[in-house]
Amino acid sequence: MLPKEHRLRHEKDIKTLFAKGKSVFGVQIGLKYRMNSLSTTRFAIVVGTKVSKSAVVRNTIKRRIRAVLQKHLVEIKGGYDVLFLTKKELVGKTFAEIESMVVSLLKKTPIL
RNA sequence: UAGGAAUGUCGGGUGAUGGCUCGUUGGGGUAACUUCCAAUGAGAGGAAAGUCCGAACACCCUUUGUGUCGCAAGACACAUUGCAAAGAUACGUUGCUAACGGCAACCGGGAAUAAGAUUCAGGAGUCGCGGAUCUGGAGCAAUUCGAUCCAUGACCCCGGACUUGAAGCCCAGGGAAAGUGCCACAGAGACAAUACUAGCCCCGCCUCGGCGAGGUGAAACGUGAAAAGUGGUGUGAGGUUUUCAGAGCAGUCGCUCUGUCAGCUACACAUCUCGCGCCGUGGUGACACGGUUGCGUGGUAAACCCAUGUCGGUGUAAGAGCAAAUUUGGUAGCUCGCUCAAGCUGUAUGGCAACAUACAGCGUAGAUAGAUCGUCGCCUCCUUCGGGUAGUGACCUGAAGUAGACAAAAUUCGGCUUACAGACACUUCCUAGGAC
RNA sequence: GCUUCUGUAGCUCAAAUGGAUAGAGCGGCAGCGUCCUAAGCUGAGGAUUAGGGUUCAAUUCCCCACAGGAGCA
């Protein structure tokens, strides 16, 4: 799990991010980002019921994305809000596959 | 010992390293918190799930009482009450429980099966007794051995039939004799049923072949899931199917008659059973058993309904506190509620059991867009593929997958229901056989 | 977290106070038709979400599960 200062927690922030953020999409995963007024970068991950009906599957996906972010937290620049969107094709992927996807996606943005 | 059934328990272990959440201790920082650092401890389930029930807890409503304030209307505080109207209801009995549509034991009912018993002039076999036949063998002979045929007894195996029938399984398991509704098609008739019509007889009227009244028609065969409460048994007289035997006819297949084991159908009579009522005995009770010169009213209440009992409402997003922009109130936000609990483990006692009581020990997640994870090892369990010993099974061994099934707390508990790789206990009950 | 509704052929809809063969259109299949295709005509097949119960009889009534949708916040 990420430290608290790196979590995007309030519904209001997520709503503004959805409305005003910029988007980058891959095949199985998407991303929205926006500059904030803080010095740290905050993350949120969305895995809806449409991805999988099982709570076990959804939670593993969330945990693996968090683990990737934590691994690369040192390289990430501060001052952004980031929201990850997931699609159904992500079910059953291993940790290494998710890691390469997330990293390549972040490299398209100014964050990494 | 063999077979059948029910039940309970578990659902990885261990190590390194880097993180996350919470508790404790120490230190830093602050007006005070939020917070930072270090050490140390803990960190998903048997179903956390579905949300089908119940309870705790909180607030609101309601009943009643007391107190305070008030001239009064009334307001506030504390305690107390919960079916009265409407509505809902899933209800055998006794117990357990905080409560329950839960659990335990018992009662009643239902469908079916195993084993066993009964039976069969069904099939195959073994053994025995009797009779007949043989130019059969042995022997001089009596006799004996053997073969074939007939009749008959016992045992065993297989198969069929009917009745009986265990543990276990299933039951929304009060009332159809309070009332209403429904019971298609078929049928005279679907609840106190025998109709209607043609035809026939007779009477009356008139327009003379029509109308009206009465009788007859009339059997209850059959239809149907169900036909007037219900279904067995016995006796008598039948019908029909089949097995076998005998006789006759025919002349190779067959037909007829008589007797007979069994099955089906069905009439009359007798008797019993079933249900309701009453009486007696046993049981806390549901009920059971016995008696009876009583009565005989189809099914459906998971159709409406009736009787008896139960249920006030909303839900932790309940609610309590602090409180910015903005003075009160309140909003955003934060804190509490939030984990010691109708708790777990063990022993003893009571109880058939569910469970209760006593003593001792333990202290067992608490997040909030929501922690419980990432990487790398080892050990067993398991799966797949291959090799060896080898008739299979089994054992040994190698490689790959690397705990592999169902699935993740969200106020907390008690249940129910549903999903589930695999492992264990071998506990209880029933049937049959054997030994003592 | 809570409340509530729906489920019928491949698709879109019927049938309803329980009564027997569950119906229609479109689509797919086969045949006719045509030089070939299309139109048209004919025919067959195909379903009550799964399981259990009540009843003489269940798509309909009841229970439970599964799937899908809607609402509160």
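Read on for a plain summary of the structure.

Rules and cut-offs
Residues numbered from 1 in each chain as written. Chains lettered and ligands numbered in written order. Predicted model: local features only at pLDDT ≥ 70, side-chain atom pairs only at ≥ 80, totals over all residues. Heavy atoms only, no water. Helix = DSSP H or I, 4+ residues; strand = E, 2+ residues; numbered from the N terminus. Buried < 20%, exposed > 50% of the residue type's maximum accessible area, 1.4 Å probe, protein only. Contact = heavy atoms within 4.5 Å. Areas by Shrake-Rupley, 256 points an atom, 1.4 Å probe, with all protein chains shown as cover. Pairing = 2+ DSSP bridges.

1. A look at the overall build of chain A
Right, so step 1: Across its full length, chain A holds 3 helices and 4 strands.
Right, so step 2: Secondary structure elements in chain A, listed N-terminal to C-terminal, are α-β-β-β-α-β-α.
Right, so step 3: The buried share among the 112 residues of chain A stands at 41%.
Right, so step 4: Within chain A, contacts between residues at least 6 apart in sequence are counted, and of these 77% link residues at least 24 apart.
Right, so step 5: About 6,600 Å² of surface is accessible on chain A, with carbon and sulfur atoms providing 54% of the total.

2. Re the pairing of strand β3 (residues 42-46)
Right, so step 1: Where burial is concerned, most of β3 is hidden: 4 out of the 5 residues are buried.
Right, so step 2: As paired elements, β3 and strand β4 (residues 80-86) share 5 bridges and run parallel to each other. By the bridge assignment, R42 is partnered in β4 with D81.

3. As for the environment of L83
Right, so step 1: Relative to the helices and strands, L83 is located in strand β4.
Right, so step 2: Overall, L83 belongs to the buried group, its relative accessible area being 0%.
Right, so step 3: C-alpha of L83 to C-alpha of A44: the two residues are 39 residues apart in sequence and 4.8 Å apart in space.

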